[in-house]
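# Close look at the chain arrangement
The chain contents come next:
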Amino acid sequence: MVTLEWSCERSDGVTLVSLVVAADRPCRVRVENRLDGPVWPPRRRGQPAVGWDGDAFEGTVPAEGRLTVGYATPARPADPPAEVVSTEPADEPSASPDGRVVEAVPAVEPTPAGVVRDLGDPVVPRDGVPVPETGAAGARERGDDTRTDDDTRTDDDTRTERESRTDEEPRRAGTGRTVTDAQSAGSTPDLGRLVVPGAVRSWLRDVDRRFDAASGRTGERRDGSGSATRTGLGAAVAADRRALQRVRERIDGLLARADGGGVAGRTGERVGGDGRVDPEGPARGERR
Amino acid sequence: MILAVVGGKGGVGKSTVAYNLGAALDAVVVDADLAMADLPTGRGPDLHGVLAGRAEPVEAVRESGPVALLPCGRSLAGARACEPTALVAAVEAVRDEYGRVVVDCPAGMCGDVGLGLLVAEACVLVTEPAPSALGDALRARALARELDAGLAAIVLNRASGASPTDLVARELGGPVTTVPESTAVADAQAAGVPVAVHRPESPAAAAFADLAETVARACGAAGSVA
């Protein structure tokens, strides 16, 4: 039997969630965030810590022990903040008994993220690259006044691209989650809310915020200097618009497939889940 | 075939070996030193652009020189904008198009060395007959083992007749090719061409041809086993 204890602490707009998973025998568990916001997992050298995959954490509860998990999120606390969505017995209670020490080399997980996590991010530290701050919005928006060629790009660009890239994985995870939800539908009354993957919700929310910031910025510019320099935020908004259009095409295609028949049951449900995003995404794209 | 050229210590000749090996194997040489690139670059898309998602890996390959190159880019801002983990997919895309890729890994034991080894099937370990270089080579060797990049060959660079070739072969556990200290290598680097083009009769040119054969044999054997 697996039990989950939790505590949430909120300060300065961030909720810190602490979870303790206890079990009467060793088992492998998957814990998923249930708060309405993106998960900010603990990171090592910029990569999510071992076990984190999008909104979910997978780990092993040791024999007569407890598994502790912590993460941050901008979402407001709720009960429960997370749920154990799957449990399977761990075959080997004392996994990896090899205490072999390789000369001065850390154990490296053979995945791209694992390599960077274990060996370090080779990219130049942020402080090493002088990027002036523009506007009152602070660290989120950095200008490209000093940048002269296409070789460089803004952090907003980076963020947008990273997000759209990581979107792929949560998408797969989201499919799995939908199935899980469907199986435990009886205990999950708010199924409709959970069908839209958290990654999609948080992406749309971020886009919304960038649009808000951009409209505020435009007003500022008109009142003040009047200079119409292309800012990092402007580039990010343009990228958002492109991404929204692309997502709309994709969703239209999927909806057409869903309506065209031949798609039923679990697949239909998944497509429907994606479809729920449809009215929200393009509508916001067209607003500007 | 994807081959990583590693060494641990800086200045032992990794880029020189990668470039000349690329020439002998007719491979694309990828300069994976994201922060401090060595191999020549020019105008057009580079690895920074590829890892930032702004260019396709294959379109960033320069075929104009004597050796096909995927140069890295040298601006700090470009390095900052990279997503280093994208290196794996980028190198694989170049391999799918060109067949053979030599990844010139940077010095040290940081993530970019690890990513080069992760994507590679085998590695070439470059070292010099000096205690500091050999110590770093041992660590690079251990990292390669950790990431499953088999050791195809060891290059003992700037070697003389008195160099401890047997000791190096035993300690690092692989076949050793010695590349003699020679002006032919330096001249060829300065001219921006492989030694085999610049001074085909030199012992260094013969050594690189030898190395290419050893590597091809090692990788061919690994391929047939798999």
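Residues numbered from 1 in each chain as written. Chains lettered and ligands numbered in written order. Predicted model: local features only at pLDDT ≥ 70, side-chain atom pairs only at ≥ 80, totals over all residues. Heavy atoms only, no water.

This part is about the overall build of chain A. Looking only at helices and strands, chain A has eight helices and nine strands in total. The 288 residues of chain A split such that 39% are buried. In chain A, once contacts between residues fewer than 6 apart in sequence are set aside, the share between residues at least 24 apart is 68%. Looking at chain A as shown, the accessible area adds up to about 16,200 Å², and 49% of this sits on carbon and sulfur atoms. (Helix = DSSP H or I, 4+ residues; strand = E, 2+ residues; numbered from the N terminus. Buried < 20%, exposed > 50% of the residue type's maximum accessible area, 1.4 Å probe, protein only. Contact = heavy atoms within 4.5 Å. Areas by Shrake-Rupley, 256 points an atom, 1.4 Å probe, with all protein chains shown as cover.)

Turning next to the pairing of strand S4 (residues 101-104) of chain B. Residue and element names in this part refer to chain B. Across the two faces of S4 the burial is the same, with Val101 and Val103 and Val102 and Asp104 all buried. Where strand S1 (residues 2-6) and S4 come together, four bridges link them in parallel fashion. When the bridges of S4 are listed, leucine 3 appears paired with valine 102. Across four bridges, strand S2 (residues 28-31) lies against S4 in parallel orientation. The residue bridging valine 29 from the neighbouring strand is valine 102, located in S4. (Pairing = 2+ DSSP bridges.)

Residues and elements named next belong to chain A. Here arginine 30 lies in strand S3 (residues 27-33). The class for arginine 30 is buried, based on a relative accessible area of 15%. The sequence separation of arginine 30 and phenylalanine 57 amounts to 27 residues, and the corresponding C-alpha distance is 5.7 Å. A polar contact of 3.0 Å, which involves the side chain of arginine 30, links it to the side chain of glutamate 58. (Polar contact = N/O pair within 3.5 Å; in protein donor to acceptor, adjacent residues only side chain to side chain.)

Residues and elements named next belong to chain A. One open sheet accounts for four strands, arranged S6-S7-S3-S9; its pairing is antiparallel. Of all the strands in the sheet, just strand S6 (52-53) and strand S9 (82-89) have a single pairing partner and so form its edges. Here S3 runs beside strand S7 (residues 56-61); their pairing, made up of six bridges, is antiparallel. Across the sheet, residue valine 31 finds its bridge partner in S7, namely phenylalanine 57.

Attention now moves to the nonpolar core. Residue and element names in this part refer to chain B. With 52 residues, the main nonpolar core has Val6, Leu47 and Leu117 as its most contacted residues. Ignoring sequence-local partners within four residues, the contact set of leucine 117 consists of Ala4, Val6, Cys123, Leu143, Ala144, Leu147 and Ala149. By size, the runner-up hydrophobic cluster in this structure holds 35 residues, among which are Leu69, Ala122, Val179 and Ala184. (Core = buried A, V, L, I, M, F, W, Y, C linked by side-chain atoms within 4.5 Å.)

Attention now moves to the packing of helix H1 (residues 112-119) of chain A against helix H5 (residues 111-119) of chain B. Contact pair H1(A) / H5(B): the axes reach a minimum separation of 8 Å and the direction vectors enclose 150°. Relative to H5(B), the element H1(A) is oriented roughly antiparallel. Remark: the crossing between H1(A) and H5(B) carries right-handed chirality. Contacts between H1(A) and H5(B) involve A:Pro112, A:Val115, A:Val116 and A:Leu119 from the first element and B:Gly111, B:Gly114, B:Leu115 and B:Leu118 from the second. A breakdown of the residues in the contact of H1(A) with H5(B) according to their chemical character gives six nonpolar, two polar and no charged. (Axes fitted to C-alpha atoms, helices over the stretch in contact; angles between N-to-C directions. Parallel < 35°, antiparallel > 145°, perpendicular 65-115°, else oblique. Left-handed = near helix turned anticlockwise from the far one by under 90°. Nonpolar A, V, L, I, M, F, W, Y, C, P; charged D, E, K, R; others polar.)

Moving on, we come to the packing of aromatic side chains. Residues and elements named next belong to chain A. Enumeration according to the criterion identifies two aromatic pairs over all chains in this entry. Taking 5.5 Å as the distance between ring centres and 75° as the angle between the ring planes, the aromatic pair formed by tryptophan 52 and tyrosine 71 counts as edge-to-face. Highlighted residues: tryptophan 52 in strand S6 and tyrosine 71 in strand S8 (residues 66-73), separated in sequence by 19 residues. The buried category is assigned to tryptophan 52, whose relative accessible area is 12%. Taking the relative accessible area as the measure of exposure, tyrosine 71 reaches 5% and is therefore buried. (Phe/Tyr/Trp six-rings, centres within 6.5 Å; stacked < 30°, edge-to-face > 60°.)

Looking now at the confidence of the model for chain A. Keep in mind that low pLDDT regions are not for reading the predicted coordinates in detail. All names here are of chain A. Confidence in the prediction of chain A, expressed as mean pLDDT, is 67, and 55% of residues score 70 or more. Per-residue pLDDT, averaged within each element of chain A, yields its smallest value for helix H3 (residues 168-183) (39) and its largest for S3 (91). Across residues 221-229, where pLDDT falls below 50, the model places four contacts with residues more than four positions away in sequence or in other chains. (pLDDT = per-residue confidence, 0-100.)

All names here are of chain B. Remark: helix H6 (residues 131-146) packs on helix H7 (residues 165-172), axes separated minimally by 10 Å, with the N-to-C direction vectors making an angle of 30°. On the basis of the axis angle, H6 is roughly parallel to H7. In terms of crossing hand, the pair formed by H6 and H7 is right-handed. Two secondary-structure elements touch here, H6 through Leu134, Ala137, Leu138 and Arg141 and H7 through Val168, Glu171 and Leu172. The residue inventory of the contact of H6 with H7, partitioned by class, reads five nonpolar, no polar and two charged.

Residues and elements named next belong to chain A. Tracing the backbone through its elements, the reader meets aspartate 36 in the loop between S3 and strand S4 (43-44). For aspartate 36, a relative accessible area of 41% puts it in the partly exposed group. Residues aspartate 36 and proline 74 lie 38 residues apart in sequence; the distance between their C-alpha atoms is 8.7 Å.

Along its 16 residues, H6(B) runs 23 Å from first to last C-alpha, staying within 8% of the 22 Å computed at 1.5 Å per residue. Three or more residues of H6(B) are buried, namely B:Ala133, B:Ala137, B:Ala140, B:Arg141, B:Ala142, B:Leu143 and B:Ala144. Where H6(B) is buried, its residues touch H1 of chain A together with S1, H5, strand S5 (122-127), strand S6 (150-159) and H7 of chain B. Following H6(B) by one or two positions, B:Asp148 has its phi on the positive side, about 65°. (Expected span 1.5 Å × (residues − 1).)

Another aspect to go through is unusual backbone geometry. All names here are of chain A. Residue proline 80 is bonded to the preceding aspartate 79 through a cis peptide linkage, with omega at -10°. Although it is not a glycine, aspartate 12 sits at a positive phi angle of roughly 50°. Of note, aspartate 12 is situated in the loop between strand S1 (2-11) and strand S2 (14-23). The class for aspartate 12 is exposed, based on a relative accessible area of 79%.

Pairing between the strands of a sheet is mediated by backbone hydrogen bonds and can be parallel or antiparallel. All names here are of chain B. The sheet built from seven strands is open, its strands ordered S3-S2-S4-S1-S5-S6-S7 with parallel pairing. Lying at the two open borders of the sheet, with one neighbouring strand each, are strand S3 (69-70) and strand S7 (176-180). With six bridges connecting them, S5 and S6 associate as parallel partners. In the sheet register, leucine 125 faces S6, and the bridge partner there is isoleucine 154. Contacts from H7 reach S5, S6 and S7 within the one sheet, and its direction differs from that of S6 by about 155°.

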